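Fold and contact review
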Amino acid sequence: MLTLSSDFGWPYPAAMRGVMLQETDARLVDISHEFPRQDVRTAAFWLREIVPWFPPAVHCVVVDPGVGTDRDALVVEAGDHILVGPDNGVLCPVARAVAGDAEIASYAIEYDAASTTFHGRDVFAPMAARIHERGIETMRASGVLQPVSAAVDLEFPEPSRTDGSVQGTVLVVDGFGNVVTNIPGDTLEVIDDEHLTVNGVRTPLEATYAAVDPGTALVTVGSHGNVELAVNRGRGDDAFDLAAGDDVTLRWDSH
Amino acid sequence: MLTLSSDFGWPYPAAMRGVMLQETDARLVDISHEFPRQDVRTAAFWLREIVPWFPPAVHCVVVDPGVGTDRDALVVEAGDHILVGPDNGVLCPVARAVAGDAEIASYAIEYDAASTTFHGRDVFAPMAARIHERGIETMRASGVLQPVSAAVDLEFPEPSRTDGSVQGTVLVVDGFGNVVTNIPGDTLEVIDDEHLTVNGVRTPLEATYAAVDPGTALVTVGSHGNVELAVNRGRGDDAFDLAAGDDVTLRWDSH
Amino acid sequence: MLTLSSDFGWPYPAAMRGVMLQETDARLVDISHEFPRQDVRTAAFWLREIVPWFPPAVHCVVVDPGVGTDRDALVVEAGDHILVGPDNGVLCPVARAVAGDAEIASYAIEYDAASTTFHGRDVFAPMAARIHERGIETMRASGVLQPVSAAVDLEFPEPSRTDGSVQGTVLVVDGFGNVVTNIPGDTLEVIDDEHLTVNGVRTPLEATYAAVDPGTALVTVGSHGNVELAVNRGRGDDAFDLAAGDDVTLRWDSH
C-alpha cells in the first residue's frame, strides 16, 4: 500500500499517481492534497495524527518549499512504515508516531531529477513506488539510499503548567473551525470546571460539541487527544479569535 | 466494496480510510467528503441520487452534528446495500432509494468509542469494514447489532399542484449554481411553455443548458429527474436569487 | 485502468464511479474533478501534461458545456491510451501527447442517453468502462462506435520570437499562483539574464523557487517545460498581475 500526501491541491497529484502506477500495482490511498501550501508544520501535525491509523505502508509526503535546492530527498524507515519526502522536518514527527519500539533509520536518495520544480513527480513518487516493489533493503544495497545521521526535525511546542492554569499554543485550526491546541486532554481531568476560562473568558467544559446549544462555545478534548476550542455547529476560530501559533491560557483556579 | 461519504473535507477522511484498511482489503470509493458541514438534509438528497448508481456495497455515511450524544449509531440493510452512520435521518431516504422491493431493517451498533468527537474514525469506519468482511448476519448474531424499530427519518417536502401552476421548494444548489427543486420533471410535460414563469419571471423551458445563449436563464429537467433552474454557462442561483429552502412557483396558465 | 477527469467538483463524479463499477472491476484513478467549470482549454492543457505520465488506460474526460446538444460523444484511440469524452477539443491535444508514433483514430458513440444534462453518468462513464472490459475492437464491430474523419481540435497559441525578446501568452495559472506561459523553457538558454525583463520589469532567472528570498518574483522553467512566472512562497499571478490569456513579453536585449 502506498499513500500520498501533499500541498498540491490539483492537478499535480495525478502526475504522481501516474508515475507510481508505472512502477506498481499496489493500492494507492490519498491522505490529503489540501495541506496548507508550503506549511511543513501543519502537515506534520495532521500526518502525525493520521498515519498511525494506517496498516504498514509506504507514505509519500511532499510539502516541499525547498524543491530543487540542495535539501536532501529523504526515506525514513519507522517500524513497518516507510516515509518518503523532502528533508524539511515533516517526516520525523510522523516517524516517531508510527515507530513504536522500532528504531528509526533515515536515508538520503541519490537522484537526478528531470525538473527542479516538481520532485513529487520526478523523485518522490517513483522512489516510493520502487521501495514498495523492491523493498528498502534492495534499494539500500543498490546504493540509491545513503544513510544520513541526522534528518531535519521539527518539535511541537510544549505547554507550561502552573497550579491553576496552563499556557499553550494553537497548533492548527481544522476545517470546521475547531481550534486544536498543544494542551494534552488529560490536563482537563484535574480542573475545576466551574471556574474554567479560556484567555479570560468563562467557557464550559463538555464531552461533546452538542452538549451546548448551537452557536455556543465550549472546551472539549478532540479526537487527537488535545484540548480543542469549538462552537457547537459553528466555528471556534471565530468565536475565540484564534489562529495557528496564537497563545491560549486555560485558567481554573479563581482564587 | 465500501464507500465513504462525509462533511469532513480534509484530513479526517484519511483516518477513516486507514481504519478500514486495517480491517479489509476491499475497494474503497469516496462518494464525497464535501457535503455541507452538519447539513443532514443536503447529504441525504445527494446520496439518495447517487448511491443507487452503485453496485451492492457497504456505505459509510458520516454527517454527524450529534457526535458523542446518545443518538444511535445505525446500520440499515436495504436490499443489497448496507448503510452505516449516525441515526439522524440521513440514511432512511437513501435506504428507500436503493431497497427496491426488499425490506429495510435497521440496527443500533453497540459501541465503546475511543473519542466523543470523531465517531467516523472510531465507530462507523471500523463497523462498516467489519460488516463488509464478516457479513451483517454474523455481526447480528454476535450481539453488536441490535434491531431498532424506528430509525430517525427525514422527508423531503412535496410540491403542491394546481391547474396552471406548481408550488415547490429548492432542495439544493449544486456546484455549477444549478437550482434543484422538489418539482418532478414530468410536471413540465403538461405545461404551456409559452407562458411559463418562474417566481413571476418568464423563462424558457429547454432540454439542454446550451439551447439558450450563454448567460441566459432556463428551466430544464436535471439528471436527478427534478425541475432545475439554470443559466447556460452561468449560475442559476444568482440569476433566480434562490437558495436551499426557498419557495419556487412555476406558472404556465396566463389566464 | 480507468481514469476520471471532469469539472464537476462534487458530488457528480461519484455517480460516474458507481456506473463504472457496475461494469468493471478495473482500478479507477481520479485525475481531477476540479478543472475550471466549462473551461475546455484549461482542461486540455493540464491533461496534455498529466496523461502521458500514466500507463496505458482508458481516460474518461468530461468538461462538457454542450451536454445534450448534437455535439458528438467521442472515443479517441491514441497508441496504448483511449480517451472518451465530448467532441469539443479537449481530447485531441491529449491524444497527440500520448500517441507517440501511433496513429490517432476517432469514433463517435451511438447513444441514447437517459438525461440531457449529465452525459458523464449516462454516456461517457458506461462507455469508458465497456471499452475497458470488451476492447475497442469489439465495440467498433458492434456498431456502437462509428469512425469520424475530423474531431474538434484545439490548438494552443505559439509564442513569437525576435532576436532579443519573445512574446507569449499565459496558458494557465496553477493553484500556487504560478503563471504558466506558452514559451518553451529552452528559450531561456540563450538569453542574457542580466537584462531579463517580464513585461518591462527586471526579474531574476532561477532554477528553483527557493533561489530567491521569500516574497520575491522569479522566472523559471516549470515541470511542464514551459517558462513560468512565480514568487517564492507567494503568488506569481498577483505579483505579475497576470491571468490566463494575458500577453507576456520577455526581453533580454537591453540595447
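Residues numbered from 1 in each chain as written. Chains lettered and ligands numbered in written order. Predicted model: local features only at pLDDT ≥ 70, side-chain atom pairs only at ≥ 80, totals over all residues. Heavy atoms only, no water.

Note on the identical chains: chain A maps onto chain B by a rotation of 120 degrees and an axial translation of 0.0 Å, with an RMSD of 0.0 Å. Put plainly, the chains are arranged around a three-fold axis. Ranked by how close their C-alpha atoms come to the rotation axis, the residues of chain A are headed by A:Arg27, at 5.3 Å. Comparing contact sets, just 4% of the residues at the interface of chain A also lie at the interface in chain B, consistent with a heterologous contact between different surfaces. (Least-squares fit on C-alpha atoms with pLDDT ≥ 70 in both. Contact = heavy atoms within 4.5 Å.)

Another aspect to go through is the sheet that holds strand β4 (residues 73–78) of chain A. All names here are of chain A. What the seven strands build is an open sheet, ordered β2-β1-β3-β5-β4-β6-β7; its pairing is mixed. Edge positions in the open sheet fall to β2 (28–32) and β7 (145–147), since each of these has one partner strand only. For this sheet, the mean angle separating the axes of adjacent strands, direction not counted, is 25 degrees. Judged from the three bridges that link them, strand β6 (residues 104–109) and β7 form a sheet pairing that is antiparallel. What sits directly across from Tyr 107, in β7, is Pro 147. (Pairing = 2+ DSSP bridges. Helix = DSSP H or I, 4+ residues; strand = E, 2+ residues; numbered from the N terminus. Axes fitted to C-alpha atoms, helices over the stretch in contact; angles between N-to-C directions.)

Taken together, the contact pairs 28 residues of chain A with 29 residues of chain B. For the chain A and chain B pair, buried surface summed over both sides reaches about 2,400 Å², with 62% attributable to carbon and sulfur atoms. Three residues stand out in chain A for area buried against chain B, namely A:Trp53, A:Phe176 and A:Ser223, and they jointly supply 29% of the buried area on that side. Where chain A meets chain B, there are 10 residue pairs in polar contact (both at pLDDT 80 or more). Of all elements in the fold, only β2, α2 (40–50) and β13 (217–221) of chain A reach the threshold of two or more residues within the side of chain A that touches chain B. Top element by residues in the side of chain A that touches chain B is β2(A). It accounts for four residues. (Buried area = accessible area lost by both parts, 1.4 Å probe. Polar contact = N/O pair within 3.5 Å; in protein donor to acceptor, adjacent residues only side chain to side chain.)

Bringing the side chain of A:Asp122 into the picture now. Along the chain, the position of A:Asp122 falls in helix α4 (residues 119–134). Separated by 2.6 Å, the side chains of A:Asp122 and A:Ser115 make a polar contact.

Bringing the pattern of salt bridges into the picture now. One pass over the full model with this rule turns up 30 salt bridges over all chains. The shortest N-O distance in the salt bridge between B:Asp64 and B:Arg71 comes to 2.7 Å. A salt bridge links C:Arg96 to C:Asp153; the nearest nitrogen and oxygen atoms lie 2.7 Å apart. Here C:Arg96, found in helix α3 (residues 91–99), pairs with C:Asp153, found in the loop between β7 (145–147) and β8 (160–161); they are 57 residues apart in sequence, far enough to count as distant. The structure contains a network of salt bridges with shared partners spanning A:Glu23, A:Arg130 and A:Arg134. (Salt bridge = Lys/Arg side-chain N within 4 Å of Asp/Glu carboxyl O.)

Right, let's get into the relation of the copies chain C and chain A. Turning chain C through 120 degrees and shifting it by 0.0 Å along the axis lays it on chain A, with an RMSD of 0.0 Å. Taken together, the interface assignments show that only 4% of the residues at the interface of chain C recur at the interface of chain A, consistent with different surfaces on the two copies.

Further remarks concern a negative patch on the surface. Residues and elements named next belong to chain A. Together, Asp 163, Asp 192, Asp 193, Glu 194 and Asp 253 make up a negatively charged patch on the protein surface. Structurally, Glu 194 is set in the loop between β10 (179–184) and β11 (197–198). On the basis of relative accessible area, Glu 194 is assigned to the exposed category, the value being 60%. (Patch = residues over 30% accessible without salt bridge, like charges linked within 9 Å, V, L, I, M, F, W, Y side chains within 5 Å. Areas by Shrake-Rupley, 256 points an atom, 1.4 Å probe, with all protein chains shown as cover. Lys, Arg positive; Asp, Glu negative; His and termini not counted. Charge placed at Lys NZ, Arg CZ, Asp CG, Glu CD. Buried < 20%, exposed > 50% of the residue type's maximum accessible area, 1.4 Å probe, protein only.)

Here the focus is the interface of chain C and chain A. Contacts between the two partners involve 28 residues from chain C and, on the opposite side, 30 residues from chain A. Interface area for chain C against chain A, summed over the two sides, is near 2,400 Å², with a carbon-plus-sulfur share of 62%. Contact with chain A buries area across many residues of chain C, yet C:Trp53, C:Phe176 and C:Ser223 alone supply 29% of it, more than any other trio. Connecting chain C to chain A are 10 residue pairs in polar contact (both at pLDDT 80 or more). Listing elements by their share of the side of chain C that touches chain A, those giving two or more residues are β2 (28–32), α2 (40–50) and β13 (217–221) of chain C. No other element matches the four residues that β2(C) contributes to the side of chain C that touches chain A. By residue class, the composition of the side of chain C that touches chain A is 16 nonpolar, seven polar and five charged. (Nonpolar A, V, L, I, M, F, W, Y, C, P; charged D, E, K, R; others polar.)

Attention shifts here to the sheet that holds strand β1 (residues 2–6) of chain B. Residue and element names in this part refer to chain B. Read across the open sheet, the seven strands follow the order β2-β1-β3-β5-β4-β6-β7; overall the sheet is mixed. Of all strands in the sheet, those bounded by a partner on one side alone are β2 (28–32) and β7 (145–147). Neighbour-to-neighbour, the strand axes of this sheet turn through a mean angle of 25 degrees, independent of strand direction. Along the sheet face, helix α1 (residues 12–23) touches β1, β2 and β3 (58–62) and points at about 155 degrees away from the line of β1. On top of the sheet, helix α4 (residues 119–134) reaches β1, β3, β4 (73–78), β5 (81–86), β6 (104–109) and β7; it is set at about 170 degrees to β3, its chief contact.

Time to look at α4(A). Residues and elements named next belong to chain A. Along α4, the sharpest kink reaches roughly 25 degrees, centred on Ala 125 and followed within four residues by the proline Pro 126. For α4, the tally of buried residues reaches 12 of 16 residues, placing the bulk of the element in the interior. Those residues of α4 that sit buried are His 119, Gly 120, Arg 121, Asp 122, Val 123, Phe 124, Ala 125, Pro 126, Met 127, Ala 128, Ala 129 and Ile 131. Positive phi shows up at Gly 135, right after α4, with a value of about 90 degrees. (Bend = angle between axes of the 7 residues up to and from the residue.)

When pLDDT is low, close inspection of the predicted coordinates is not appropriate. Averaged over chain A, the pLDDT score is 96; the fraction of residues at 70 or greater is 99%. Note on the complex model: pTM 0.96, ipTM 0.96. (pLDDT = per-residue confidence, 0-100.)

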